Amino acid sequence: MFADAEFAEAFEARGRPGWSPGQLALVTVLQFAENLTDRAAVHRVRYGMDLKYALGLELDDPGFDASVLSEFRTRLVKHRMEEKVLDLLLTALKDRVLVKAGGRQRTDSTRVLAAVRDLNRLELAGETLRAALEALACAAPDWLTQAVPVREWAERYGPRIHSWHPPASTSKREEMALVYGRDGFALLEAVHAPDAPAWLRELPAVQVLRTIWVQNYHRAVTEAGAEVKRRESKNLSCWLSSGSWGGL
């Protein structure tokens, strides 16, 4: 489907061997089609026979790290190759008479990359909050029981993200992102409350939570009070918009 030579200009001739850009392009398209984050896509590549077959991998192939997908998207954007993935895909489908020329089948490849990026932002928020809760549960379990609704949050943030599938609906994903935002702010307020132990806010997981929330959320004052809002992609810092948030 995707020849490595099509992406040659985005890669150096020297250096350590990397994953096939053609295979990474196919993974990117499949994760967009199936609504998968980078970690979920990598999990499928590692354990799913269907993706191994599509990628031409041996059954015991260990796959790759999720950060590889983030780095691949960054290369595409840096070398202005966002359109290439979809163009190659549509050409291959047209050659097989699976789509007709013209019509409304053409779309923007950047939408594929943007959709995958937003899924990873959602995953990052949930996984960051889960990590902070786990750290607090180990460091100060009694305090945490009093500070947050433990039973409700345990159901929401208990499973690791690689076993989680985001909602297919854009509106439901946006709603989930705001739930994460409100919960994260509530936890940060509790940690920084005057009666909370001062050392809690020094925990690395809590400091990471604060950093990620500053980068991804903000609160606006309305007539109804403080309202949590998600930062738009265009307002994110450069390193975030390039796709570098694939891991914690």
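Residues numbered from 1 in each chain as written. Predicted model: local features only at pLDDT ≥ 70, side-chain atom pairs only at ≥ 80, totals over all residues. Heavy atoms only, no water.

With that settled, consider the side chain of D38. Looking at the secondary structure, you find D38 in helix 2 (residues 38-47). Once residues lying within four places of it in the same chain are set aside, the contact partners of D38 are Q31, A66, L69, S70, R73, V116 and N120. (Helix = DSSP H or I, 4+ residues; strand = E, 2+ residues; numbered from the N terminus. Contact = heavy atoms within 4.5 Å.)

Per the counting criterion, the structure on display carries 4 aromatic pairs. A centroid spacing of 5.0 Å and a plane angle of 35° characterise the contact between W213 and Y217, whose relative ring orientation is tilted. Accessibility assignment for this pair places W213 and Y217 in one class, buried. What links up through ring pairs into an aromatic cluster is the set W153, Y157 and Y180. (Phe/Tyr/Trp six-rings, centres within 6.5 Å; stacked < 30°, edge-to-face > 60°. Buried < 20%, exposed > 50% of the residue type's maximum accessible area, 1.4 Å probe, protein only.)

Next up on the list: the pattern of salt bridges. Note that side chains of opposite charge can pair when their charged atoms are close. Taken as a whole and judged by the stated rule, the model has 11 salt bridges. R156 serves as the salt-bridge partner of D183, at 2.3 Å between the closest nitrogen and oxygen. Here D183, found in helix 9 (residues 170-191), pairs with R156, found in helix 8 (residues 150-157); they are 27 residues apart in sequence, far enough to count as distant. R156 sits in the partly exposed class, given a relative accessible area of 30%. Bridged by salt links that share partners, the residues R39, E123, E127, R130 and E134 form one connected network. (Salt bridge = Lys/Arg side-chain N within 4 Å of Asp/Glu carboxyl O.)

For the pair helix 9 and helix 10 (residues 204-216), interaxial distance at closest approach is 11 Å and the crossing angle is 130°. With respect to their mutual orientation, helix 9 and helix 10 come out oblique. The two elements helix 9 and helix 10 cross, and the hand of that crossing is left-handed. Contacts between helix 9 and helix 10 involve Y180, G181, G184, F185, L187, L188 and V191 from the former and V206, L209, R210 and W213 from the latter. Taken together, the residues that form the contact of helix 9 with helix 10 break down as 8 nonpolar, 2 polar and 1 charged. (Axes fitted to C-alpha atoms, helices over the stretch in contact; angles between N-to-C directions. Parallel < 35°, antiparallel > 145°, perpendicular 65-115°, else oblique. Left-handed = near helix turned anticlockwise from the far one by under 90°. Nonpolar A, V, L, I, M, F, W, Y, C, P; charged D, E, K, R; others polar.)

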